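# A look at the structure
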Amino acid sequence: MRKILSLSLPLAFLCSFGPTVPAIEGVVVTHGPTRHSLTADLEVSDGKKSFWLAWRVRRDEGWHTYWLHPGDVGLPPSVEWILPEGLSAGPLLFPPPKRVMMGAVRAHGHHDETLFLSRISIGDSFKAEDEIRIRAKIAWLACSKTCLPGYSEVRLSIPVRGDSVVDPFWSARFEEFRSDLPVPPPPGWAAEAYDEGSRLRLVVPVERSASAPGIYFFCEGRTVRSDALQPVKEKNGKWELRMVRADWSPGNETRLRGLLYRQQGWANDAGRRFYELDLPLRKP
């Protein structure tokens, strides 16, 4: 019996992979400006230990797909895992987004190459054979000056033997992916969000390590217009980021959720550019 798990792909991790193609990668499916495959962090499985699986997407120059929260335009990618009996897929980990252009409209998505990771658990009911055979039905929207919807199926087979063997190429890149994921701000880093009707205001601490803030808020849902500017000014020792409420916002949101990006990185960790925010929306 097959177990089917459907997941929606949210948040753009950009990797620069070399020309070497590791053994553990499924057949690459080309569809217009995009190429898709499955990869794993194991060359061989013992049929008992969990492992990581990734949907690898490569895009032609000038093309993008969308984040889980695309903004004013776009649709997020989706995947439906088709797994052997006894296997289950954990929550999908996705890369942080970039600002992309659909024609003249700014949105949130991914360029170039990204991975989307999921942890695959093996239960007691799994009966190991000679291979673990995984399939995934995938769907996406690729855009440049025009848009092309895509649908396909990708597959991966992992040999099953006595001991698990790690794939050094993919395990290193999966670890790099996980280390780049957004995290909550550190303790004491206080932010506030205000509902001002047609506009929203985000107030965050000033980082003195740079003269310009270089910040942008990638909002979850469609509360904030992605095609509008987000001007920042310093006031009372804080940075105030002003955003335009989207016309399709329900107007009754009680919280502001999303990723706050800073080009220079944050003072507590210069290599980390995204903080996860989940703030109550206050009235001024």
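Treat the numbers as computed from the prediction; the structure is a model and nothing was measured.

Spatially, three strands are ordered β6-β10-β9 in an open sheet, and the strand pairing comes out antiparallel. Only two strands of the sheet have a single neighbouring strand rather than two, namely β6 (65–71) and β9 (98–102). For this sheet, the mean angle separating the axes of adjacent strands, direction not counted, is 60°. Examined bridge by bridge, β6 and strand β10 (residues 105–110) share three bridges and lie antiparallel to one another. Note that in β10 the partner of Tyr66 across the bridge is Gly109.

All right, on to the pairing of strand β16 (residues 199–205) then. Where burial is concerned, most of β16 is hidden: six out of the seven residues are buried. Bridge count for strand β15 (residues 192–196) against β16 is five bridges, and the pairing is antiparallel. Residue pairing in the sheet places Asp195 in a bridge with Leu200 of β16. Counted between consecutive antiparallel strands, the loop separating β15 from β16 contains two residues, among which Gly197 sits at a positive phi close to 80°. Sheet analysis places β16 next to strand β19 (residues 238–244), joined by seven bridges and oriented antiparallel. Opposite Arg199, over in β19, you have Val244 as the bridge partner.

All right, on to the nonpolar core then. Note that soluble globular proteins tend to have their nonpolar side chains buried in a common cluster. Ranked by size, the top nonpolar core spans 35 residues in total, and within it Leu38, Phe51, Trp55, Trp81, Ile132 and Ile134 carry the most contacts. If you list the elements that add at least two residues to this core, you get β3 (34–40), β5 (51–59), β7 (78–83), β8 (87–93), β11 (113–122), β12 (131–143), β13 (147–159) and β17 (215–219). If you tally residues by element for this core, the top one is β12, at six residues.

Attention now moves to the pattern of salt bridges. Taken as a whole and assessed by the stated rule, the structure comprises 23 salt bridges. Note that Glu25 is salt-bridged to Arg56, the shortest N-O span being 2.8 Å. On the criterion of sequence distance, the pair formed by Glu25 in the loop between β1 (3–8) and β2 (29–31) and Arg56 in strand β5 is long-range, its members being 31 residues apart. Grouping residues by exposure puts Glu25 and Arg56 together as buried. In this structure, Asp278 engages Arg255 in a salt bridge whose closest nitrogen and oxygen atoms are separated by 2.7 Å. Taken together, the residues span a long stretch of sequence, with Asp278 in strand β21 (residues 274–282) and Arg255 in strand β20 (residues 255–262) at a distance of 23 residues. Overlapping salt bridges, with partners in common, bring together Glu25, Arg56, Arg58 and Glu113 in one network.

So, how was this worked out
Position numbers for residues start from 1 in each chain and track the written sequence from start to end. Reporting in this predicted model follows two pLDDT cut-offs: at least 70 for local features of residues, and 80 or more for side-chain atom pairs to be given and counted; totals over whole chains, interfaces and linings ignore these cut-offs and use all residues. As a rule here, side-chain values cover all heavy atoms of the structure and leave hydrogens and water aside. Note on pairing: two strands pair once DSSP finds at least 2 bridges between them. Put simply, DSSP H or I for four residues or longer makes a helix, DSSP E for two residues or longer makes a strand, and each gets a number counted from the N terminus. Simply put, an axis is a line fit to the C-alpha atoms, just over the touching stretch for a helix, and the angle between two N-to-C directions goes from 0 to 180 degrees. Three exposure classes are used, based on accessible area relative to the maximum for each residue type with a 1.4 Å probe and protein chains only: buried under 20%, partly exposed in between, and exposed over 50%. As used in this record, nonpolar core signifies buried Ala, Val, Leu, Ile, Met, Phe, Trp, Tyr and Cys residues forming a set joined through side-chain atoms within 4.5 Å. A carboxyl oxygen of Asp or Glu within 4 Å of a side-chain nitrogen of Lys or Arg is what we treat as a salt bridge.

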